[in-house]
Amino acid sequence: MSIVPPENLGVLAQQAPLVALARAEGEQSWLRGPLLFTRVPFRVLELVKGPKLDEVVVEVPGGALADKSFVVPGAPRFRRGQVYLLFLSPTPRGTWTPTVMSYGLLERVLGRDGSHLLQPIPEAEGVETFPRPDGVLPEKVETYGELKLLAHLKGVVAGQERWQGRAVRAERDQLPFKGWATAPPSACAYLTSSPPYPRWPYNTANPPGTVSIFAQSTGDPSYPNAFSALAGAVSMWMGVPNTSLSLAYGGPISYTLTCTPDPNKVDVPGFGENVVVFNDPCSDLADLSGCSGVLGYGGAWYGTPHAFDGMSWFTIGSWFVVVNNGAGCLGAPRYQQMLAHELGHGLGF
């Protein structure tokens, strides 16, 4: 997930149409066009900003359905019963989506003193932040005292207070202990948080050969050099020393991402379609605000396992990128860097 972050949580709260503390109460994954999405119903516990709702349905890219899974690093994965502070924007389908995906989303944890704290969700580590065009350095999202943060955000969105992150962050001796975790090899990161991990089946008896990625022929209205940027992004991956991957830019193709509001309807199976879609045609991403927000997301379809290096791995079968409308505000070379980052998720990194 590639984003240009807002200045701080106070600005994010001002930009997001709905800000609420809410509890996740389940989930449902479904195919909409070639992409897999997950809808999560939430019970609103405390409203900070926006319409007075008892429940909201939040949809995010990725999920699992039958024998297929689609993972989008940087997209939140909500757990039933967990409490989150959500910054949301509406979709045309009557649902809501995180304004900047995992960035800024907080989950409730218990502090060492027994108090409720709000800390960044784990999926925020899968977000790559790009420099803001205005040169402002965004404030780091930290762990905050729940009661202090909610009260402060209400004052900020009402125009009665100026954002002061230091005043509401948790004290050092309140922070929960963090356990040890098994780390991947140096300079590597797993696409999912637990094995089997997804990978393309190179170095196996039946490698996939050259895997091409195509560009939606309509291109990006906000960036006329999108095709050459995509070709350059593929070249960046092929330039990695000693890679076993065999990748190619296949050029532009005629492609329409089918959008449907019906969660029970499968329009087009996405597995096997390698394409970069521009301009967020299904309005899955909140619009950028002054080049701040989610620039795009990429991921991998994977399924039947294969063996490699003494382990079982899920087999990646295709990769996919959706670029937000207006992402051309990045300019060169950051637009190409954004595409390379999202393609990396589809490669299993």
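Treat the numbers as computed from the prediction; the structure is a model and nothing was measured.

Visitor: Summarise the overall build of the protein chain; cite the residues concerned and give the values.
Guide: When you go through the protein chain residue by residue, the secondary structure sums to five helices and 19 strands. For 349 residues, the compact-globule estimate of 2.2 N^0.38 gives 20 Å, and the protein chain sits close to it at 20 Å. In terms of principal-axis extent, the alpha carbons of the protein chain reach across some 60 × 45 × 40 Å. A burial count over the protein chain gives 52% of its 349 residues as buried. For the protein chain, long-range pairs separated by at least 24 residues make up 71% of all intrachain contacts whose partners lie at least 6 apart in sequence. Taken as a whole, the protein chain presents about 15,700 Å² of accessible surface, with 53% of it coming from carbon and sulfur. Taken together, the 25 basic and 29 acidic charged side chains of the protein chain have centroids lying 4 Å from each other.

Visitor: Please give an account of the pairing of strand E11 (residues 116-120) that cites residues and values.
Guide: Direction of pairing for strand E10 (residues 106-110) relative to E11: antiparallel, over a ladder of five bridges. Within the sheet, the bridge partner assigned to Leu106 lies in E11 and is Pro120. A loop of five residues connects E10 with E11, the two strands running antiparallel in sequence, and Gly114 in this loop sits at a positive phi of about 90°. Pairing of E11 with strand E13 (residues 144-145), which is carried by two bridges, proceeds in the antiparallel orientation. Bridge assignment links Leu118 to a residue of E13, and that residue is Tyr144.

Visitor: I'd love a proper account of the state of the cysteines, names of residues and values included.
Guide: Evaluated as defined, the whole model comprises two disulfides. Across the disulfide, Cys259 is cross-linked to Cys282 (sulfur-sulfur distance 1.8 Å). A torsion of -80° about the S-S bond marks the disulfide between Cys259 and Cys282 as left-handed. Residue Cys259 is located in the loop between strand E16 (247-253) and strand E17 (275-277), and its partner Cys282 is located in the loop between E17 and strand E18 (293-308); the two are separated by 23 residues in the primary sequence. A residue is classified by how much of its surface remains accessible, and Cys282, at 5% relative accessible area, is buried. The disulfide partner of Cys291 is Cys329, and the gap between their sulfur atoms is 1.9 Å. Here the disulfide of Cys291 and Cys329 is right-handed, its torsion about the S-S bond being about 80°.

Visitor: Provide a residue-level description of the pairing of E18, including the pertinent values.
Guide: For E18, the tally of buried residues reaches 12 of 16 residues, placing the bulk of the element in the interior. Inspection of the sheet shows strand E7 (residues 68-71) paired to E18 by three bridges, in the antiparallel sense. Pairing of Ser69 across the sheet is with Tyr302, part of E18. As consecutive antiparallel partners, E18 and strand E19 (residues 311-323) are separated by two residues, and within that stretch Asp309 has a phi angle of approximately 55°, a positive value.

Visitor: Before we move on, could you go through empty space enclosed by the protein and cite the residues and values that matter?
Guide: Using the criterion set out here, one finds one cavity of 30 Å³ or more in the structure. Taken as a whole, the largest cavity encloses approximately 30 Å³ of empty space. In terms of lining, the largest cavity is formed by Asn8, Leu9, Tyr103, Glu139, Lys140, Val141 and Tyr144.

Visitor: Would you mind going over the packing of aromatic side chains in detail, with residue names and values included?
Guide: For the structure on display, the rule yields 12 aromatic pairs. Ring centres 5.0 Å apart and planes at 90° place the aromatic pair Phe42 and Phe78 in the edge-to-face group. A residue pair is termed long-range when its members are at least 10 positions apart, and Phe42 in strand E4 (residues 35-49) and Phe78 in the loop between E7 and strand E8 (83-90) qualify at 36 residues. Residue Phe78 is classed as buried on the basis of its relative accessible area, which comes to 6%. On the numbers, 5.3 Å between centres and 35° between planes, the contact of Tyr302 with Phe314 is tilted. On the criterion of sequence distance, the pair formed by Tyr302 in strand E18 and Phe314 in strand E19 is long-range, its members being 12 residues apart. Take Phe314: its relative accessible area is 25%, and that puts it in the partly exposed class. Three or more aromatic residues link up through ring pairs in this structure, and these residues are Phe42, Phe78 and Tyr84.

Visitor: Go over the pattern of salt bridges, please, and point to the residues and values.
Guide: Enumeration over the complete set of coordinates arrives at 10 salt bridges. Across the salt bridge formed by Glu146 and Arg108, the nearest N and O atoms sit 2.8 Å from each other. With Glu146 in helix H2 (residues 146-157) and Arg108 in strand E10, this pair connects stretches of sequence that are 38 residues apart. An identical accessibility class is assigned to Glu146 and Arg108; each is buried. Note that Arg169 is salt-bridged to Glu142, the shortest N-O span being 3.4 Å. You can see Arg169 sitting in the loop between helix H3 (165-168) and strand E14 (198-199) and its partner Glu142 sitting in the loop between strand E12 (128-129) and E13, a full 27 residues away along the chain.

The rules we used
Sequence order sets the numbering: in each chain, residues are counted from 1 along the sequence as written. Restriction of local features to residues with pLDDT of at least 70 applies here, the model being predicted, together with a cutoff of 80 or more for giving and counting side-chain atom pairs; totals for whole chains, interfaces and linings are based on all residues. Note: side-chain values were computed over all heavy atoms of the structure, leaving out hydrogens and water. By the criteria applied, helices consist of DSSP H or I runs no shorter than four residues and strands consist of E runs no shorter than two, each listed in order from the N terminus. Each radius of gyration is computed over the set of C-alpha atoms, and the globule rule expresses the reference value as 2.2 Å times the number of residues to the power 0.38. In this scheme, a residue with accessible area under 20% of its type's maximum is buried, one over 50% is exposed, and one in between is partly exposed, where area comes from a 1.4 Å probe on protein chains only. Two residues qualify as a contact provided that any one of their heavy atoms is within 4.5 Å of a heavy atom in the partner residue. For accessible areas, the Shrake-Rupley method is used with a probe of radius 1.4 Å. Any residue's cover is judged against the shown protein chains and nothing else. By the counting scheme adopted, Arg and Lys are positive, Glu and Asp are negative, and His together with the chain ends is not counted. Where a charge lies is defined by one atom per residue type: Lys uses NZ, Arg uses CZ, Asp uses CG and Glu uses CD. Pairs of strands are assigned from DSSP output, requiring at least two bridges between the strands. Here, a disulfide means two cysteine sulfur atoms that sit within 2.5 Å of each other. Using a grid of 1 Å spacing that covers the protein atoms alone, one calls a set of points a cavity when a 1.4 Å probe fits there but cannot get out, and a pocket when the set is open and has protein on both sides within 12 Å along at least five of seven lines; lining residues are those with an atom within 4 Å of a point. Grid points are joined across faces, edges and corners, and a volume is the space filled by probe spheres set on the points. Stacked, tilted and edge-to-face pairs are distinguished by plane angle, under 30 degrees for stacked and over 60 for edge-to-face with tilted covering the rest, among Phe, Tyr and Trp rings (Trp via its six-membered ring) whose centres lie within 6.5 Å. Whenever a carboxyl oxygen of Asp or Glu lies within 4 Å of a side-chain nitrogen of Lys or Arg, that contact is scored as a salt bridge.

Keep in mind that these numbers describe shape and distance, not what the molecule does.
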